[in-house]
Amino acid sequence: MPDTKFVTLSLERPDPSLIADAAAILRAGGLVAFPTETVYGLGADALNEEAVKKVFAAKGRPQENPLIVHIADRSQLIDLADDIPEKGQKLGREFWPGPLTLVVKKTFLVPAAVTGGMETVAIRMPDHPVALALIEEFNGGIVGPSANLSGKPSPTTALHVMDDLNGRIDMVLNSGPVEIGIESTVVDVTVEPPVILRPGGIHKESLEDIIGPVVIASQGELLRRSPGTLHRHYAPRAKVILVPEGDTGLLSRLLGEYRQQGKSVACIVHSREMARVESGSSFKVLPAPIDFYARYLFRTFRELDQTGIDVLLVEEVEESGLGVAVMDRLRKASEGTNEKT
Ligand code: TXA
Ligand code: MG
């Protein structure tokens with residue numbers, strides 16, 4: 001693999017010649033990382049099986065974990081989706097472009113490598129001028145898993161992508177930090193009622209406003225329907241322990257105990273009480289409004305990981321709105337690393 005080309009594009013007017021270069025790489029079966037409103041994605045031609053296989057290799061991703069196909073226009077659905085139920089169409093009309101991924105029946109054109117051998121395909125229209133310009137210029141669907149090494153937190157800046165994939169992919173399109181910072185909501189609309197396989201940028205209540213009741217998948221269902229949601233995603237290297245919101249007593253006790261064992265401990269908190277427990281570079285206070293908190297969470301995981309900590313204590317957030325997706329990621333981070341300390 002040649003050196004990874006790193007280019008910067010403005011959000012207002014993405015340079016058409018750079019977009020053309022990136023689209024040419026995709027046409028030739030190469031890999032291009034691109035910004036979206038949620039996290040950076042790793043792009044490849046969704047209908048080119050060899051290109052898709054390179055995505056799995058570059059990320060070190062398990063092959064049974066299916067990819068999301070990104071489109072820029074509804075007309076691109078024809079090649080990808082066999083049938084989109086009425087409720088799926090309503091959700092698409094309401095939330096695309098945006099942080100919503102719909103799981104629908106796939107056409108025979110979509111290679112098995114994309115879907116992990118399943119008969120369904122996940123599709124999303126991202127709300128980002130650079131992503132949309134790239135897909136339009138390429139003129140077809142592109143796969144876009146988060147552009148991190150498998151098991152690392154999703155990248156919220158182009159530099160995170162370089163940290164993980166420099167030398168493994170052809171090009172990175174940089175347009176600065178992303179807006180949301182948490183991956184899209186994945187909804188399976190092939191079943192009745194539709195099932196949320198991964199909470200994300202669009203909340204359950206907003207979905208229900210449009211199509212009525214939706215359910216959140218149980219563990220068993222996730223295993224069957226969306227293998228990727230059970231993999232060790234979003235896991236920092238350190239052991240992660242969640243602390244209830246505002247529980248300063250528990251936070252102080254855990255800090256003391258782990259330090260006594262000679263461990264290097266860091267904290268991520270957001271409430272006013274917790275912010276007063278300590279200060280210093282390993283005591284991160286994130287903004288309390290959940291939109292800002294979500295934007296900085298994965299970046300903070302990465303920053304703390306680089307300092308080589310053993311234990312990370314994280315204050316829980318209220319489980320409503322975007323907080324549902326944030327708690328999902330925090331739980332996964334804490335489950336994924338239990339055996340490491
Ligand atoms: O916000 C996002 O969705 C980002 C940006 C780049 O668009 N992409 C992303 O992709 O997070 P990835 O590959 O990291 O996560 C894809 C999720 C996985 O949990 C996977 O299991 C699920 O979507 N998925 C993909 N295809 C599926 C299918 N056919 N059935 C069920 N789940 C599927
Ligand atoms: Mg991912």
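Residues numbered from 1 in each chain as written. Chains lettered and ligands numbered in written order. Predicted model: local features only at pLDDT ≥ 70, side-chain atom pairs only at ≥ 80, totals over all residues. Heavy atoms only, no water.

(A) Layout of the side chain of Thr185. Checked against the element boundaries, Thr185 lands in strand 10 (residues 185-188). Relative accessible area serves as the criterion here: at 0%, Thr185 is assigned to the buried category. Here Gly200 takes part through its backbone nitrogen, which lies 3.1 Å from a polar atom of the side chain of Thr185. Among all residues touching Thr185, those that are not within four sequence positions of it are Pro99, Leu100, Thr101, Ile196, Arg198, Pro199, Gly200, Gly201, Ile202 and Leu207. (Helix = DSSP H or I, 4+ residues; strand = E, 2+ residues; numbered from the N terminus. Buried < 20%, exposed > 50% of the residue type's maximum accessible area, 1.4 Å probe, protein only. Polar contact = N/O pair within 3.5 Å; in protein donor to acceptor, adjacent residues only side chain to side chain. Contact = heavy atoms within 4.5 Å.)

(B) Broad picture of the domain arrangement of the chain. Parsing the chain into structural domains produces domain 1 (5-225) and domain 2 (239-334). Each of domain 1 and domain 2 has a C-alpha centre, and these two points are 29 Å apart. Tallying the contact residues gives 23 residues for domain 1 and 15 residues for domain 2. Counting the surface lost from both domain 1 and domain 2, the interface buries some 1500 Å², and carbon and sulfur atoms represent 57% of this. Sorting the residues of domain 1 by area buried against domain 2 places Pro153, Ile182 and Pro199 first, and these three jointly supply 35% of that buried surface. Among the salt bridges present, the one from Glu183 reaches Arg329, with a minimum N-O distance of 2.8 Å. At the junction of domain 1 and domain 2, the tally comes to seven residue pairs in polar contact (both at pLDDT 80 or more). In terms of residue count, the dominant contributor to the side of domain 1 that touches domain 2 is helix 7 (residues 158-165) (three residues). Of the residues assigned to the side of domain 1 that touches domain 2, the class counts are seven nonpolar, ten polar and six charged. (Domains from an automatic or database assignment. Buried area = accessible area lost by both parts, 1.4 Å probe. Salt bridge = Lys/Arg side-chain N within 4 Å of Asp/Glu carboxyl O. Nonpolar A, V, L, I, M, F, W, Y, C, P; charged D, E, K, R; others polar.)

(C) Expanded view of the sheet that holds strand 15 (residues 283-285). Taken in spatial order, the four strands of this open sheet run 13-16-14-15, and their pairing is parallel. Edge strands, defined here as strands with exactly one partner in the open sheet, are strand 13 (239-243) and strand 15. Here the average twist between neighbouring strands, direction ignored, is 15 degrees. Where strand 14 (residues 265-269) and strand 15 come together, three bridges link them in parallel fashion. Residue pairing for strand 15: Val269 is matched across the bridge by Val285. Lying on the sheet, helix 12 (residues 290-306) is in contact with strand 14, strand 15 and strand 16 (311-315); it crosses strand 14 at an angle near 175 degrees. (Pairing = 2+ DSSP bridges. Axes fitted to C-alpha atoms, helices over the stretch in contact; angles between N-to-C directions.)

(D) Representation of the environment of Arg74 in the model. Structurally, Arg74 can be placed in the loop between strand 4 (68-70) and helix 3 (77-80). Residues Arg74 and Ile142 lie 68 residues apart in sequence; the distance between their C-alpha atoms is 14 Å. Apart from residues lying up to four places away in sequence, Arg74 is in contact with Gly92, Arg93, Trp96 and Met125. A distance of 3.4 Å separates the side chain of Arg74 from the backbone oxygen of Gly92, its partner in a polar contact.

(E) Expanded view of a nonpolar patch on the surface. Together, Leu47, Phe108 and Leu109 line one region of the surface with nonpolar side chains, adding up to about 330 Å² of accessible area. With respect to the element layout, Leu47 can be found in the loop between strand 3 (41-45) and helix 2 (49-59). (Patch = residues over 30% accessible without salt bridge, like charges linked within 9 Å, V, L, I, M, F, W, Y side chains within 5 Å. Areas by Shrake-Rupley, 256 points an atom, 1.4 Å probe, with all protein chains shown as cover.)

(F) Representation of unusual backbone geometry. The amide bond that connects Trp96 to the next residue, Pro97, takes the cis arrangement and shows omega of -5 degrees. Position of Pro97 among the secondary structure elements: in the loop between helix 4 (86-95) and strand 6 (100-106). Backbone torsion omega between Glu192 and Pro193 reads -5 degrees, so that peptide bond is classified as cis. Within the secondary structure, Pro193 is located in the loop between strand 10 and strand 11 (195-198). In this structure, Asn139 is a non-glycine residue whose phi angle is positive, near 70 degrees.

(G) Region of the structure containing the packing of helix 1 (residues 16-27) against helix 6 (residues 129-138). One way to put it is that helix 1 packs onto helix 6 with a least axis distance of 9 Å and a crossing angle of 55 degrees. Our classification of the angle between helix 1 and helix 6 gives oblique. The hand of the helix 1/helix 6 crossing is right-handed. Mapping the contact onto sequence places Ile19, Ala20, Ala22, Ala23, Leu26 and Arg27 in helix 1 and Val130, Ala133, Leu134, Glu137 and Phe138 in helix 6. Here the contact of helix 1 with helix 6 is composed, by residue class, of nine nonpolar, no polar and two charged. (Parallel < 35°, antiparallel > 145°, perpendicular 65-115°, else oblique. Left-handed = near helix turned anticlockwise from the far one by under 90°.)

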